[in-house]
Amino acid sequence: MSLAHGRPYLAIPGPSVAPDRVLQAMHRPSPNIYAGELPDLTASLVPDLKGVAKTEGHVAMYIGNGHAAWEASLANVLAPGDVALALPTGRFGHGWAEMARRIGIEIDVIDFGNQSDIDLARVEAALRADKTGRIKAILAVQVDTSTSVKNDIQGLRRVLDMVGHDALLTVDSIACLGVDEMHMDAWGVDICLTGSQKGLMTPAGMAFVFFNDKAAEVRAKMERVSSYWDWTPRAHPEEFFQYFFGTAPTHHIYGLREALNMLVHEEGVEAAWARHAVLARAVWAAFDVWAHPEGLALNIKDPAKRSNAVTSASAPAPKATELREFMEREIGVTLGIGIGMAPGADDPAWHGYFRIGHMGHVNPHMLLGVLGGMEAGLQALGIPHQAGGVTAAASVIAEATS
Ligand SMILES: *Cc1c(COP(=O)(O)O)cnc(C)c1O
């Protein structure tokens, strides 16, 4: 017997749940890419995407995943031999830095480990030590999806300004755009990147790079940028094909249009941030009750430093894997595996970590279902915990709505 027969729920931190409306918008014959509604539909995405990032700057769209956004962000402003300062707070920060190295960019790294946010004092010291201004860009991940830590992006801008350093502030918001607050212009972010498949509720396949005039000037001084990655014609196309430098991602455009209708025009970006904040607090409240030295623990101890998009947690190996497997087998929920927390999947420690995605098209009944399933799992598997986590989560929902 398995109880899981019913609508499955992929509660991993990306891809997120694709709303039925988005899927239905994509379910159509291939549209003409030379005339008809597609060019206008594509142009209509631009102001809404900028509205999500809170920028009056520019946006380039790519066919690609988050890794494509990484490549695009590097390719437009950094040439082989240029120096960038990477500030990893988890696996994704390291991945971006590694990609930069592979294309010849010299990377300075300050590694903040897997359980801390970026320490601004250490960044300040590194920038002050850079007397000759060799650091051309800072690579910061707003929410590292592996650790679920949320970094202080405004604080990075403050430090850059205080030191008077000219480096571009480049921010990976792939996990959290539309989920955790981003005010690209007000926070002084020069380049911000994301993908379609997390907060933007659209299947993986589109990537976005937002950039301001300062970043555009740095791009203009680059000796060479490949035609494919160049953000200039994509952000300011004279012909339709330049948006994607080739065939447009036809069906994704329809899907994203619908997702942006939901996020920007119906719910509103600020309301979506507020919804995610409540949902995240509900998850943490459950964990606070369940917490046990031989059971569950949240990866990030300080609530102010946790993302509203994803929660990274542990249970002594192999309990985390057992709980994940129970959720899939009996509850119909797929939780995320741990990433970057243990040396590798063949290491026993790997089975001590998991993550819950709560980004995008998620409401209380979905999340309370996940938490209720987890509490059943803790009981069924004999994982030490205190009962009542779901009640605590329900109280968070009740308080937020009364
Ligand atoms: C998901 C994610 C990526 C990678 O995106 P892919 O679509 O898997 O290439 C990079 N950075 C962050 C912070 C992410 O959450």
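Refer to the structure presented above.
Residues numbered from 1 in each chain as written. Predicted model: local features only at pLDDT ≥ 70, side-chain atom pairs only at ≥ 80, totals over all residues. Heavy atoms only, no water.

Asks: Just checking my understanding: could you explain unusual backbone geometry for this structure?
Replies: In this structure, the amide linkage connecting Gly-14 to the following residue, Pro-15, adopts the cis form with an omega of 0°. Structurally, Pro-15 can be placed in the loop between strand 1 (9-11) and helix 1 (20-26). Between Ala-317 and the following residue, Pro-318, the backbone shows a cis peptide bond with an omega angle of 5°. Inspection of the secondary structure puts Pro-318 in the loop between strand 12 (310-314) and helix 11 (319-331). (Helix = DSSP H or I, 4+ residues; strand = E, 2+ residues; numbered from the N terminus.)

Asks: What is the right way to look at the pattern of salt bridges in this model?
Replies: For side chains bearing opposite charge, pairing can occur when the charged atoms are close. Scanning the entire structure with this criterion turns up 20 salt bridges. Close ionic contact of Asp-161 with Arg-157 constitutes a salt bridge, the shortest N to O distance being 3.0 Å. Here the residue Asp-161 and the residue Arg-157 both occupy positions in helix 6 (residues 153-163), the gap between them amounting to 4 residues, near one helical turn. Among the ionic pairs, Glu-267 bridges to Arg-275, the shortest N-O distance being 2.6 Å. Since its relative accessible area comes to 21%, Arg-275 is described here as partly exposed. Salt bridges sharing partners connect three or more residues here, namely Arg-21, Glu-258 and Glu-266. (Salt bridge = Lys/Arg side-chain N within 4 Å of Asp/Glu carboxyl O. Buried < 20%, exposed > 50% of the residue type's maximum accessible area, 1.4 Å probe, protein only.)

Asks: In this structure, what is going on with the sheet that holds strand 13 (residues 333-337)? I would like to understand it.
Replies: Strand pairing in a sheet relies on backbone hydrogen bonds. The paired strands run either parallel or antiparallel. Reading across the sheet, the 5 strands line up as 1-13-14-12-11 and stay open at both edges, with mixed pairing between neighbours. With partners counted over all chains shown, the strands left at the sheet margins are strand 1 and strand 11 (297-298), one partner each. Here strand 11 pairs with strand 12 via 2 bridges, running antiparallel. Bridge assignment links Ala-297 to a residue of strand 12, and that residue is Ser-314. The strands that helix 11 touches are strand 13 and strand 14 (353-357); relative to strand 13, the one it contacts most, it runs at about 155°. (Pairing = 2+ DSSP bridges. Contact = heavy atoms within 4.5 Å. Axes fitted to C-alpha atoms, helices over the stretch in contact; angles between N-to-C directions.)

Asks: Looking at this model, I keep getting lost on the sheet that holds strand 2 (residues 58-64). Mind explaining?
Replies: Spatial ordering of the open sheet is given by 2-10-9-8-5-3-4, a layout of 7 strands whose pairing is mixed. Only two strands of the sheet have a single neighbouring strand rather than two, namely strand 2 and strand 4 (106-109). Each strand of the sheet is rotated relative to its neighbour by a mean of 20°, with strand direction disregarded. As paired elements, strand 3 (residues 83-86) and strand 5 (residues 135-141) share 4 bridges and run parallel to each other. Its bridge partner lying in strand 5, Ala-84 is registered against Ala-137. In the packing of helix 6 onto the sheet, the strands contacted are strand 5 and strand 8 (168-172), and the crossing angle to strand 8 comes to about 170°.

Asks: Just to check I follow, could you spell out the side chain of Arg-234 for this structure?
Replies: Here Arg-234 lies in helix 8 (residues 231-235). At 7.7 Å, Asp-230 is the nearest oppositely charged side chain to Arg-234, a buried residue that forms no salt bridge. Within the structure, Arg-234 has its side chain in polar contact with the backbone oxygen of Tyr-228 (distance 2.9 Å). Filtering out sequence-adjacent residues up to four positions away, Arg-234 remains in contact with Val-59, Ala-60, Met-61, Tyr-62, Ile-63, Tyr-228, Gln-242, Tyr-243, Phe-244 and Phe-245. (Lys, Arg positive; Asp, Glu negative; His and termini not counted. Polar contact = N/O pair within 3.5 Å; in protein donor to acceptor, adjacent residues only side chain to side chain.)

Asks: How do you make sense of the packing of helix 5 (residues 120-129) against helix 6 when you look at a structure like this?
Replies: Two quantities define a packed helix pair, namely the angle between the helix axes and the distance between the axes. Where helix 5 contacts helix 6, the two axes come as close as 10 Å, and the packing angle between them is 30°. Taken as axis vectors, helix 5 and helix 6 run roughly parallel relative to one another. Helix-helix and strand crossings are classified by hand; for helix 5 and helix 6 the assignment is right-handed. Every residue of helix 6 that contacts helix 5 at Leu-120, Val-123, Glu-124, Leu-127 and Arg-128 is listed here: Gly-155, Leu-156, Arg-158, Val-159, Leu-160, Met-162 and Val-163. (Parallel < 35°, antiparallel > 145°, perpendicular 65-115°, else oblique. Left-handed = near helix turned anticlockwise from the far one by under 90°.)

Asks: Looking at this structure, I do not really get helix 3 (residues 66-75). What am I missing?
Replies: The periodicity of an α-helix, 3.6 residues per turn, causes residues three or four places apart in sequence to face the same way. Burial analysis of helix 3 places 8 of its 10 residues in the buried class, which makes it a mostly covered element. Residues of helix 3 that are buried: Gly-66, Ala-68, Ala-69, Trp-70, Ala-72, Ser-73, Leu-74 and Ala-75. Between a side-chain oxygen at the N-terminus of helix 3 and the backbone nitrogen of His-67 the separation is 3.1 Å; the capping residue is Asn-65.

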